[in-house]
Amino acid sequence: MDPERGSGLPNRISSGSAVASAVGTPFVALFGPTAPKRHVAAVQNYAVIRKDLRCSPCYLRSCPIGHPCMKRIAPEEVMDRITGLILDPHEAAPLENAA
């Protein structure tokens, strides 16, 4: 991330999202075995990355098939979303689209 343009927080836990939201930091929340609608409050300046797989959300801590829901999220995809939020904080999609 370029500190001159701003900062952002890649995050895979809901408490980090709550802290980022409280202090006005854009964040990207990664979801695999859990559902964004259940764990992200209605806030601004955020993005959700989630792969639409038949097995997700499953809420299993130990995945019998190796967590493809998380492994299919590419680091470049996360960085692109963070960069997009920094450059245009209104870029975030509504939570309804984050199944």
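Shown above is the structure to which this text applies.
Remember, it's a predicted structure, so these values are computed and weren't measured experimentally.

**With respect to the pattern of salt bridges**
Pairing of side chains with opposite charge becomes possible as their charged atoms draw close. For the coordinates displayed, the defined rule picks out two salt bridges. Across the pair Arg 50 and Asp 52 runs a salt bridge whose closest N-O atoms are separated by 3.8 Å. A salt bridge links Glu 77 to Lys 51; the shortest N-O distance between them is 2.9 Å. Of the two residues, Glu 77 sits in helix 4 (residues 75-87) while Lys 51 sits in the loop between strand 3 (46-50) and helix 3 (68-71), which places them 26 residues apart along the sequence.

**A few points about the side chain of Ser 56**
By secondary structure assignment, the location of Ser 56 is in the loop between strand 3 and helix 3. Once residues within four sequence positions are removed from consideration, Ser 56 is found in contact with Gly 32, Pro 33, Arg 50, Lys 51 and Cys 69.

**Details of the nonpolar core**
Note on soluble globular proteins: their nonpolar side chains tend to be buried together. Judged by nonpolar contacts, Val 28, Leu 30, Ala 47, Ile 49, Ile 73, Val 78, Ile 82, Leu 85 and Ile 86 together constitute the single largest core of nine residues. Broken down by secondary-structure element, the contributors of at least two residues to this core are strand 2 (27-31), strand 3 and helix 4. Discounting residues that sit within four places of it in the chain, Ala 47 has contacts with Phe 27, Val 28, Ala 29, Arg 81 and Leu 85. By size, the runner-up hydrophobic cluster in this structure holds seven residues, among which are Ala 20, Phe 27, Phe 31 and Tyr 46.

**Thoughts on unusual backbone geometry**
A negative phi angle is the norm for most residues apart from glycine, just as the trans form is the norm for most peptide bonds. With an omega of 5°, the peptide bond running from Ser 56 to Pro 57 counts as cis. At Tyr 59, a position not held by glycine, the phi torsion is positive, near 60°. In this fold, Tyr 59 is placed in the loop between strand 3 and helix 3. Relative accessible area serves as the criterion here: at 33%, Tyr 59 is assigned to the partly exposed category. A positive phi angle, near 50°, is found at His 67, a position not held by glycine. By secondary structure assignment, the location of His 67 is in the loop between strand 3 and helix 3. Note on His 67: relative accessible area 22%, which makes it partly exposed.

**Describing the environment of Gly 16**
Turning to its location among the elements, Gly 16 is positioned in helix 1 (residues 14-22). Sequence separation of Gly 16 and Ala 29 is 13 residues, and the distance between their C-alpha atoms is 8.8 Å.

Reading guide: rules and limits
- Residues numbered from 1 in each chain as written.
- Predicted model: local features only at pLDDT ≥ 70, side-chain atom pairs only at ≥ 80, totals over all residues.
- Heavy atoms only, no water.
- Salt bridge = Lys/Arg side-chain N within 4 Å of Asp/Glu carboxyl O.
- Helix = DSSP H or I, 4+ residues; strand = E, 2+ residues; numbered from the N terminus.
- Contact = heavy atoms within 4.5 Å.
- Core = buried A, V, L, I, M, F, W, Y, C linked by side-chain atoms within 4.5 Å.
- Buried < 20%, exposed > 50% of the residue type's maximum accessible area, 1.4 Å probe, protein only.

What is shown is where atoms sit, not what they do.
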